[in-house]
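What follows is the residue order along each chain.
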Amino acid sequence: MRTQVAIVGAGPAGLLLSHLLDRAGVESVIVETRSREYVEARIRAGILEQSTVDLLRAAGLGERLDREGDVHRGIHLQWPGHRHHVDFVDLVGRTVTVYGQTEVTKDLGRARDAAGQQIVYEVADTAVHDIETDRPYVTFIGPDGRPDRLDADVVVGCDGSFGPCRRAMPDPSVWERVYPYSWLGILADVAPSTDELIYAWHPDGFALHSMRSSTVSRLYLQVPAGTEVETWSDDRIWEALATRLGHGENGWTLTPGPITEKSVLPMRSFVQEPLRHGRLFLAGDAAHIVPPTGAKGLNLAVADVALLAPALAALLRDKNPELADAYSDTALRRVWRCTHFSWWMTTMLHTSADPFDTQLQLSQLRWVAASTAGATGLAENYAGLPFGY
Ligand code: DHB
């Protein structure tokens, strides 16, 4: 097979890249180790920044998003005895939209089907070659068990942090932070007990009340790293959520319901630089992971691709390398901004054993709630900076 852009990975980054390239007249083929069903069902975050929504809309992907997405003005920030609404619209004039990554992936899949995009699912042993030449290629074992080869002008790794592309980069710089806690996340068939998300600091640990629709709630609990999901019964989960989210305080109640999914997410951060070597580019989780607090992962992947698609179009169509040469440095500015924001939200809200840290956290929360300057910093980062920041 031969194409202009070989994309490794059919998650949101790879699918959106192929979509934007297609609209710019550039052809691509995607290879993916998982099945389509797996990719479309894997549960991830569900908060889209304003610029993500704007980009999806402009790319013709906004129809169901506009119909089913739930626009939120802000979030509730909570600690015992206090619940404070941070209003992004008042502070920075931007909103966020609740719309699951699963739905974004399905919309992208349908749009790619309609365009006749070639995607090879269930490949194995993917490897990239000759990235320092103008004729890089990808090898893999196809779904029929036969070795195959995809020749291209450019290869893009959208294959996550465990994929082969980032390992194909010679001498990268890698920064990493592993947190001593994880999130226990649940999906439940119950109407959310809140209009907008609640981020709650509590001495027992952080809790988050999020949602997917008017009938499906998504909630998280801070648990120690290494926690086995089986040690948390449904009753124990709802009890801990009720305590940490303040059930019964100021007339607020948490309504429990049947849990349909339960998993433990490790919390870590990493950034690998640069995002380009020769004809290999990285986008999304292949180059950076953020802890989930603040829901930046998907939005960062979209921001990478929003820069990369026009850069590759200029390189391959117009033979202009300027944007492609600038891609790594430009994308990394936003990556580090979001890495800092995710670290800041994480360390402000997750309890640690250190009583000095506890006092700093509470002071920080009081400052964000009481100061327009403090709240604006949170709002600007949460609702998302413009692309190209
Ligand atoms: C969700 C996840 C997050 O990490 C977050 O900060 C907010 C919401 C979610 O899955 O809904």
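These remarks concern the structure in this document. (Residues numbered from 1 in each chain as written. Predicted model: local features only at pLDDT ≥ 70, side-chain atom pairs only at ≥ 80, totals over all residues. Heavy atoms only, no water.)

**A short note on the pattern of salt bridges**
According to the stated counting rule, one finds 25 salt bridges in the structure shown. Between R149 and D151 there is a salt bridge; the shortest N-O distance is 2.9 Å. Relative accessible area serves as the criterion here: at 19%, D151 is assigned to the buried category. In this structure, E176 engages R268 in a salt bridge whose closest nitrogen and oxygen atoms are separated by 3.7 Å. Residue E176 is found in strand β13 (residues 173–188), and its partner R268 is found in strand β17 (residues 259–273); the two are separated by 92 residues along the sequence. The network of salt bridges with common partners includes E63, R64, R67, E68, E103, K106 and D107. (Salt bridge = Lys/Arg side-chain N within 4 Å of Asp/Glu carboxyl O. Buried < 20%, exposed > 50% of the residue type's maximum accessible area, 1.4 Å probe, protein only. Helix = DSSP H or I, 4+ residues; strand = E, 2+ residues; numbered from the N terminus.)

**Points about the sheet that holds strand β14 (residues 198–200)**
Here we have 8 strands laid out as an open sheet, ordered β6-β5-β14-β15-β16-β13-β17-β20, and mixed in their pairing. Each having just a single partner strand, β6 (82–87) and β20 (288–289) make up the two edges of the open sheet. Relative to strand β16 (residues 217–224), β13 runs antiparallel, the two being bridged by 8 bridges. When the sheet's bridge partners are listed, Y181 is paired in β16 with P224. Sheet contacts for helix α11 (residues 372–383): β5 (74–79), β6 and β14; angle to β5, the most-contacted strand, approximately 130°. (Pairing = 2+ DSSP bridges. Contact = heavy atoms within 4.5 Å. Axes fitted to C-alpha atoms, helices over the stretch in contact; angles between N-to-C directions.)

**Details of the packing of helix α9 (residues 322–349) against helix α10 (residues 355–370)**
Orientation of α9 relative to α10, taken along the N-to-C sense of each, is 115°, at an axis distance of 8 Å. Mapping the contact onto sequence places W344, T347, M348 and L349 in α9 and Q361, Q364, L365 and V368 in α10. Here the residues of the contact of α9 with α10 are counted per class, giving 5 nonpolar, 3 polar and no charged. (Nonpolar A, V, L, I, M, F, W, Y, C, P; charged D, E, K, R; others polar.)

**Thoughts on the site of the ligand**
Y199, S210, R212, Y220 and P292 are the nearest of the 15 residues found near the ligand. The fraction of the free accessible surface of the ligand (290 Å²) that becomes covered by protein chains is 99%. Of all elements in the fold, only β15 (207–211) and β16 reach the threshold of two or more residues within the shell around the ligand. (Near = heavy atom within 4 Å. Areas by Shrake-Rupley, 256 points an atom, 1.4 Å probe, with all protein chains shown as cover.)

**Digging into the packing of aromatic side chains**
Counted under the stated rule, the structure contains 10 aromatic pairs. Here W175 and W336 contribute two aromatic rings whose centre-to-centre distance is 5.6 Å and whose plane-to-plane angle is 85°, an arrangement assigned as edge-to-face. Here W336 lies in helix α9 and W175 lies in strand β13, a separation of 161 residues in the sequence. Accessibility expressed as a relative area gives 39% for W175, which makes it partly exposed. Overall, W336 belongs to the partly exposed group, its relative accessible area being 33%. A connected cluster of aromatic rings, assembled from ring pairs, spans F88, W183, Y199, F206, Y220, F341, W344 and Y382. Above the ring of Y137, the side-chain terminus of R149 is found at 3.6 Å from the ring centroid. Taking the ring centre of Y382 as reference, the NZ or CZ of K296 above it sits at 5.8 Å. (Phe/Tyr/Trp six-rings, centres within 6.5 Å; stacked < 30°, edge-to-face > 60°. Lys NZ or Arg CZ within 6 Å of the ring centre and 35° of its normal.)

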